[in-house]
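Observations on the model geometry
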Amino acid sequence: MANDRWQAEETDIAGIFRWLEEREEDWIRLRREFHRRPELLFDVDRTAARVAELLEQGGLEVRRNVGRHFGKGVVGVLRGGRPGRTVLLRADMDALPIREAEGAPCRSEIEGAMHACGHDAHMAMLIAAALGLSRFREKLAGTVLFVFQPAEEGAVPSPTDGVLRSGGRDMVESGAADEASAAFALHVWPQLPVGEMAVHRREAMASSTHFQVSFRGRSGHHGSPHLAADALLMAAHFVTEAHSAAAAASDPLEPFSLAFGKLRAGTVGNAIAESAEVSGTYRAFADDTVARIRSVLERCAAACADRFGGSSETRFRMGKALINDQEAVKLALRAGASVFGQDRVRLLEKPSLAGEDFAYFLDKAPGAMLLIGVGNEERGIIHPLHHPSFDLDERALALGAKLHVQLAVDALSADAEPQP
């Protein structure tokens, strides 16, 4: 029976919930602390140290410097009173290089950096859940891993092999998820009002592949263009031609998106550019589409460079589609109904073309990503993720912590059920 592994009556979970609710102001203060001092990608030393400190204060075993290539992840380990399976819960720690809008109620103190994707809330929710569950550890049969990863928002070349890696991939490759039998993550979702939860039936988020294309030419005088090779011109043609080439190579019935975010070329307005760099992303769900578009971009870059007498080099951080497990979705819906109420939980059929490297954790264990509502039209909390005015209704923090707790308890209990 399930309660052989989770030796608790409803009042025990209710006790954790009350404890979390009574400390709601603590979780709000913690989220604001993270929000005021954002850190980018793998440069999360201060944030990671604070996370580890709070987990240790809660009595958890803490693994620091997790990650074979960058070593910036943190894992809190909560061992129950009796042996059992292992459930992994993940939050991300990095912010975005976005200048927060003036007048924000809790504004970033780091100019040009902002928690515009809610990772500050993700950390506060998961820390609260870890501290709450720790108080009832003897009731647990099994282990809960509280994983805090850097660099969810992008990838950096590894100092070891030069391959572009995100934080999730780095931690998974280091074995952070090897013990897990189930894995879950929450993501704040401003399209949902606070007090609601949603989960995708299967395809949740796309394979978001980041690419960089470097063009090399020869600098020269504008009066003698025939003696130079214009790298800026190579890049400009690549940006316009890649869209057409990718569209022609894609199945029109398969979701697909290609966009460019950065173009840098030259040093002065009256000299032909010797070098140029273009960066962007493309998003799809089917593995063959992902591979095909990569090939198209490589060939298009080489052709544009050759046409104007230069050369090109392409680098990719290959993405991975986030696919929810069917049984994990059922468990998530039950857990959501326990926390929010049955009529406040949605099952989504249409996936998002956003990307999430939580997908790497789902390679190791079946699981799901859940979306938790943070929107509030009456208070003007309506801006999307990655917007300079993004904000969230902080009532979602205690709800998210409770949802993490319910997921952990239910997942450990479900693992104990006999399989047909």
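You'll find the structure just up there.
Now for a description of the structure that goes with this document. (Residues numbered from 1 in each chain as written. Predicted model: local features only at pLDDT ≥ 70, side-chain atom pairs only at ≥ 80, totals over all residues. Heavy atoms only, no water.)

Describing the layout of surface pockets
This is how the line gets drawn: The pocket and cavity definitions rest on a 1 Å grid over protein atoms only: a 1.4 Å probe that fits but cannot leave marks a cavity, an open set with protein on both sides within 12 Å along at least five of seven lines marks a pocket, and residues lining either have an atom within 4 Å of a point. Grid points are joined across faces, edges and corners, and a volume is the space filled by probe spheres set on the points. A run of H or I in DSSP counts as a helix once it spans at least four residues, and a run of E counts as a strand once it spans at least two, with each numbered from the N terminus. Think of it as three bins: nonpolar holds Ala, Val, Leu, Ile, Met, Phe, Trp, Tyr, Cys and Pro, charged holds Asp, Glu, Lys and Arg, and polar takes everything else, Gly as well.
Estimates place the volume of the largest pocket at around 1000 Å³. Of all the elements in the fold, those that place two or more residues in the lining of the largest pocket are strand 7 (182-193), strand 9 (203-216), strand 11 (256-265), strand 13 (275-284) and strand 17 (352-355). Among the elements that take part in the lining of the largest pocket, strand 9 stands out by supplying seven residues, more than any other. Partitioning the lining of the largest pocket into residue classes produces 19 nonpolar, 13 polar and nine charged.

With respect to helix 3 (residues 45-57)
The test is simple: Expected span of a helix: the number of residues minus one, times 1.5 Å. Think of it in three bands: with a 1.4 Å probe and only protein chains considered, a residue is buried below 20% of the maximum accessible area for its type, exposed above 50%, and partly exposed in between. Directions from the helix axis toward the C-beta atoms define the arc. Throughout, a contact is declared for two residues whenever any of their heavy atoms are within 4.5 Å.
With 13 residues, helix 3 should reach 18 Å at 1.5 Å per residue; the first-to-last C-alpha distance of 18 Å fits that figure. The complete set of buried residues in helix 3 reads T47, A48, V51, A52, L54 and L55. The buried side chains of helix 3 occupy one side of the element, clustering within an arc of 165 degrees when seen end-on. Those residues of helix 3 that are buried are in contact with helix 2 (24-36), strand 1 (61-66), strand 2 (73-79), helix 4 (119-134) and strand 4 (141-149). Note on helix 3: the residue one or two positions beyond its end, G59, has a positive phi of about 90 degrees.

Brief notes about the pairing of strand 2
Taken residue by residue, a regular strand's side chains alternate between the two faces of the sheet. Our working rule: At least two bridges found by DSSP between two strands is the condition for calling them paired.
With six of seven residues buried, strand 2 is to be regarded as a mostly interior element. Bridging between strand 1 and strand 2 involves four bridges; their strand directions are antiparallel. When the bridges of strand 2 are listed, V62 appears paired with G76. With antiparallel pairing between neighbouring strands as the criterion, strand 1 and strand 2 make up a hairpin whose turn holds six residues, including G67 at a positive phi of roughly 135 degrees. Pairing of strand 2 with strand 4, which is carried by six bridges, proceeds in the antiparallel orientation. In the strand pairing of strand 4, L78 is matched with V144.

Some thoughts on the packing of aromatic side chains
The criterion, for reference: Classification of ring pairs rests on two measures: the distance between centres of Phe, Tyr or Trp rings, Trp counted by its six-membered ring, which must be within 6.5 Å, and the angle between planes, read as stacked under 30 degrees, edge-to-face over 60 and tilted in between. Distance and angle both matter: a charge sits over a ring if NZ of Lys or CZ of Arg is within 6 Å of the ring centre and within 35 degrees of the ring normal.
In the structure shown here, the tally under the stated rule is eight aromatic pairs. With a centroid separation of 3.7 Å and 15 degrees between ring planes, the pair formed by F42 and F70 is classed as stacked. Residue F42 is located in the loop between helix 2 and helix 3, and its partner F70 is located in the loop between strand 1 and strand 2; the two are separated by 28 residues in the primary sequence. The same class applies to F42 as to F70, namely buried. Judged by centre distance (5.7 Å) and plane angle (85 degrees), the ring pair of F211 and F260 falls under edge-to-face. Linking F211 in strand 9 with F260 in strand 11, this pair joins segments that are 49 residues apart in sequence. Taking relative accessible area as the criterion, F211 reaches 1% and is therefore assigned buried. Counting every residue linked through ring pairs, the aromatic cluster contains F211, F215, F238, F260, Y282 and F316. The ring of F17 carries the charged tip of K402 above its face, separated from the ring centre by 5.2 Å.

Quick look at the pattern of salt bridges
Definition in use: The rule for a salt bridge is simple: a side-chain nitrogen of Lys or Arg has to be within 4 Å of a carboxyl oxygen of Asp or Glu.
By the definition in use, this model includes 40 salt bridges. As a salt-bridge pair, R31 and D391 come within 3.8 Å of each other at their nearest N and O atoms. Of this pair, R31 sits in helix 2 while D391 sits in the loop between strand 18 (367-375) and helix 10 (396-416), and the two are 360 residues apart along the sequence. E173 serves as the salt-bridge partner of R169, at 2.8 Å between the closest nitrogen and oxygen. Of the two residues, R169 and E173 both sit in helix 5 (residues 167-173), four residues apart, roughly one turn of that helix. Among the residues examined, E173 registers a relative accessible area of 25% and is labelled partly exposed. Taken together, the shared-partner salt bridges connect R31, R32, D120, D391 and E394 into one network.

Topic: the packing of helix 6 (residues 231-248) against helix 7 (residues 287-307)
Heads up, the rule is: For helices, the axis comes from a line fit to the C-alpha atoms of the stretch in contact; other axes are also lines fit to C-alpha atoms, and the angle between any two N-to-C directions lies between 0 and 180 degrees. Note on convention: near helix rotated counterclockwise from far helix by under a right angle means a left-handed crossing. Clockwise means right-handed.
Two elements in contact, helix 6 and helix 7, have axes whose closest approach is 9 Å; the angle formed by their N-to-C orientations is 145 degrees. The interaxial crossing formed by helix 6 with helix 7 has right-handed handedness. Taking contact as the criterion, the partners of M234, H237, F238, E241, A242, A245 and A246 in helix 6 are, on helix 7, I293, V296, L297, C300, A301, C304, A305 and R307. Residue classes in the contact of helix 6 with helix 7 are distributed as twelve nonpolar, one polar and two charged.

Focus on the nonpolar core
Here is the rule: In these notes, a set of buried Ala, Val, Leu, Ile, Met, Phe, Trp, Tyr and Cys residues joined through side-chain atoms within 4.5 Å is what counts as a nonpolar core.
Membership of the largest hydrophobic core comes to 76 residues, with the highest contact counts inside it found for F146, F148 and F184. The contacts of F184, once residues within four sequence positions are left out, are V87, L88, L89, R90, A328, L331, F358, A368, L370, L407 and A411.

Considerations on the environment of L20
Mapping L20 onto the fold places it in helix 1 (residues 10-22). As for L20 and M125, which are separated by 105 residues in sequence, their C-alpha atoms are 9.9 Å apart. Residue contacts for L20: discarding those within four places in its chain leaves W27, A128, A129, A401, K402 and V405.

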